[in-house]
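# Notes for the structure review
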Amino acid sequence: MIQFIIIKGTVGYDVSECFETITWGGRKGAAPRNVKITLMDDDGDSHKRVSVDCEDGDQCVMYEDGSELFRGIIVSHTQSNKKKLVITAYDNMYYLANNKDSFCYTNKTATEIFNDCMARIGMTGGGAVDTVYVIPELPKAKTTYYDVLLDALSSTYKATGIRYYISSEKGNIHLKRRAESALQWVLEVGANITDYNYTKSIVGIKTRVRLLSKEDAVVYEEVNTALEGKIGVFMEVKSVDDSYNDAQMKELVQSVFSEKGMPTKSLKVSGIGISEAVSGGCVYVIISHLGIKRTFYIDEDVHTFTRNSHKMTLKLNFADDIDSAG
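Residues numbered from 1 in each chain as written. Predicted model: local features only at pLDDT ≥ 70, side-chain atom pairs only at ≥ 80, totals over all residues. Heavy atoms only, no water.

### Considerations on the sheet that holds strand β9 (residues 125-128)
The sheet built from three strands is open, its strands ordered β9-β12-β11 with mixed pairing. The strands lining the two open edges of the sheet, one partner per strand, are β9 and β11 (164-169). Put simply, the sheet's adjacent strands are angled 20 degrees from each other on average, direction ignored. Where β11 meets strand β12 (residues 172-177), six bridges bridge the pair, whose relative direction is antiparallel. (Pairing = 2+ DSSP bridges. Helix = DSSP H or I, 4+ residues; strand = E, 2+ residues; numbered from the N terminus. Axes fitted to C-alpha atoms, helices over the stretch in contact; angles between N-to-C directions.)

In structure tokens, the structure reads:
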């Protein structure tokens, strides 16, 4: 059962009996999770009608069977002659994405950077795992708190191969390790998957990377000969200055290959809603027709609630650090 509470000041109003649809979701790379609820806005039901004003800092909380799914600030509300009130809210990661500052960190871990950002913005930090790796330098001028945190986590991943993510839970911001869960929901065609879409593409792929000096002389080049033998030559060219040594040039080339050196694969599945299946988590997917039987990271989730149903659509990540069984 879904319960939706709108909070005005210190008073909570339960609108669970007058909503039509609720869409709740989030995605990798976007700071806040969001919720959009459509309410009946009929003057005749004044006892159920709630006045909402995002300018007043109204907030909302959503529960499923007593467990909190979302807590956030209402950022917009729309009313129309259709007698509908549409409310959009974001969790408090919204503040990280909409506040800018200048940052300059030296020899700090992502955990230390996270804790400093929380203190600087005056927000409550929840649990923060120890990311261990010390980032030599991270200067960021006039950028958002969320962007500097993403850069810190990206630097940590490149150095350690371990993924971390930031999330909001019950009003607190957490820094967590993004890893396979010991207990995963299983999604399977014929059971709880009703639709899927699998795409594999070589659009944007690069089979070789060439580095040029300021004088346009070739100073470094690497080629994926096996891939070129199959699909032909697709070359990326970058310029470097005289300060680059061999190790730095190799690192630059490997970063290009890491991003563009393999065909991209994407899988989107839809089916019966599972509230624990949210971006940052994992699911185990079985699609026999495609020979898929493995764990995926969830990069994006959209959950749609009506009075009688809960459906979801997930965009899944073929991450290299998850072993494939299919």
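### A look at the packing of aromatic side chains
Tallied over the entire structure, the rule returns six aromatic pairs. Look at Y90 and Y94: their rings are 5.1 Å apart centre to centre, the planes differ by 5 degrees, and that puts the pair in the stacked class. For Y90, a relative accessible area of 25% corresponds to the partly exposed category. Its end group placed over the ring of W24, R33 keeps NZ or CZ at 4.5 Å from the ring centre. The residue whose ring lies beneath R294 is F296, and the NZ or CZ to ring-centre distance is 4.7 Å. (Phe/Tyr/Trp six-rings, centres within 6.5 Å; stacked < 30°, edge-to-face > 60°. Buried < 20%, exposed > 50% of the residue type's maximum accessible area, 1.4 Å probe, protein only. Lys NZ or Arg CZ within 6 Å of the ring centre and 35° of its normal.)

### Let's talk about the nonpolar core
Among the nonpolar cores identified, the biggest contains 23 residues, and L96, I113, C117, M118, L149, I166 and I173 are the most heavily contacted of them. Elements represented by at least two residues in this core include exactly α1 (93-97), β8 (100-109), α2 (110-121), β10 (134-144), α3 (145-160), β11 and β12. Top element by residues in this core is α3. It accounts for six residues. Apart from the residues lying within four places of it in its own chain, the contact partners of L96 are M118, I121, M123, T144, Y145, Y146, L149 and I173. The next biggest cluster of nonpolar side chains, apart from the first, holds 22 residues, and it includes V15, V50, M62 and I87. (Core = buried A, V, L, I, M, F, W, Y, C linked by side-chain atoms within 4.5 Å. Contact = heavy atoms within 4.5 Å.)

### As for the sheet that holds strand β16 (residues 218-223)
Strand order in this open sheet of three strands is β16-β15-β17, and the pairing throughout is mixed. The sheet is open, and its two borders are formed by β16 and β17 (235-239), each paired with just one other strand. With direction set aside, neighbouring strand axes in the sheet form an average angle of 15 degrees. Bridge count between strand β15 (residues 208-212) and β17: five bridges; the pairing is parallel. Bridge assignment links V209 to a residue of β17, and that residue is E236. Along the sheet, helix α5 (residues 246-260) makes contact with β15, β16 and β17, crossing β16 at roughly 40 degrees.

### Thoughts on a nonpolar patch on the surface
A cluster of nonpolar residues, V233, M235 and V237, forms a patch on the protein surface that exposes about 230 Å² of accessible area. Position of V237 relative to the elements: it lies in strand β17. (Patch = residues over 30% accessible without salt bridge, like charges linked within 9 Å, V, L, I, M, F, W, Y side chains within 5 Å. Areas by Shrake-Rupley, 256 points an atom, 1.4 Å probe, with all protein chains shown as cover. Salt bridge = Lys/Arg side-chain N within 4 Å of Asp/Glu carboxyl O.)

### Thoughts on the pattern of salt bridges
Scanning the entire structure with this criterion turns up 14 salt bridges. Here K8 and D58 are joined by a salt bridge, their closest N and O atoms 3.0 Å apart. Residue K8 is located in strand β1 (residues 2-8), and its partner D58 is located in the loop between β4 (34-40) and β5 (59-64); the two are separated by 50 residues in the primary sequence. A relative accessible area of 2% means that D58 is categorised as buried. Salt bridges sharing common partners tie together R208, R210, E221 and E228.

### With respect to the packing of α2 against α3
Viewed as axis vectors pointing N to C, α2 and α3 meet at an angle of 170 degrees, and their least axial separation amounts to 9 Å. It follows from the interaxial angle that α2 and α3 lie roughly antiparallel. Across the interface between the two elements, A110, I113, F114, C117, M118, R120 and I121 from α2 touch Y145, V148, L149, A152, L153 and T156 from α3. Residues that form the contact of α2 with α3 fall into these classes: eleven nonpolar, one polar and one charged. (Parallel < 35°, antiparallel > 145°, perpendicular 65-115°, else oblique. Nonpolar A, V, L, I, M, F, W, Y, C, P; charged D, E, K, R; others polar.)

### Quick notes on the side chain of S279
Relative to the helices and strands, S279 is located in the loop between β18 (264-272) and β19 (282-287). Every residue in contact with S279, bar those within four places of it in the chain, is listed here: G26, R27, K28, R33, I298, D299, E300 and D301.

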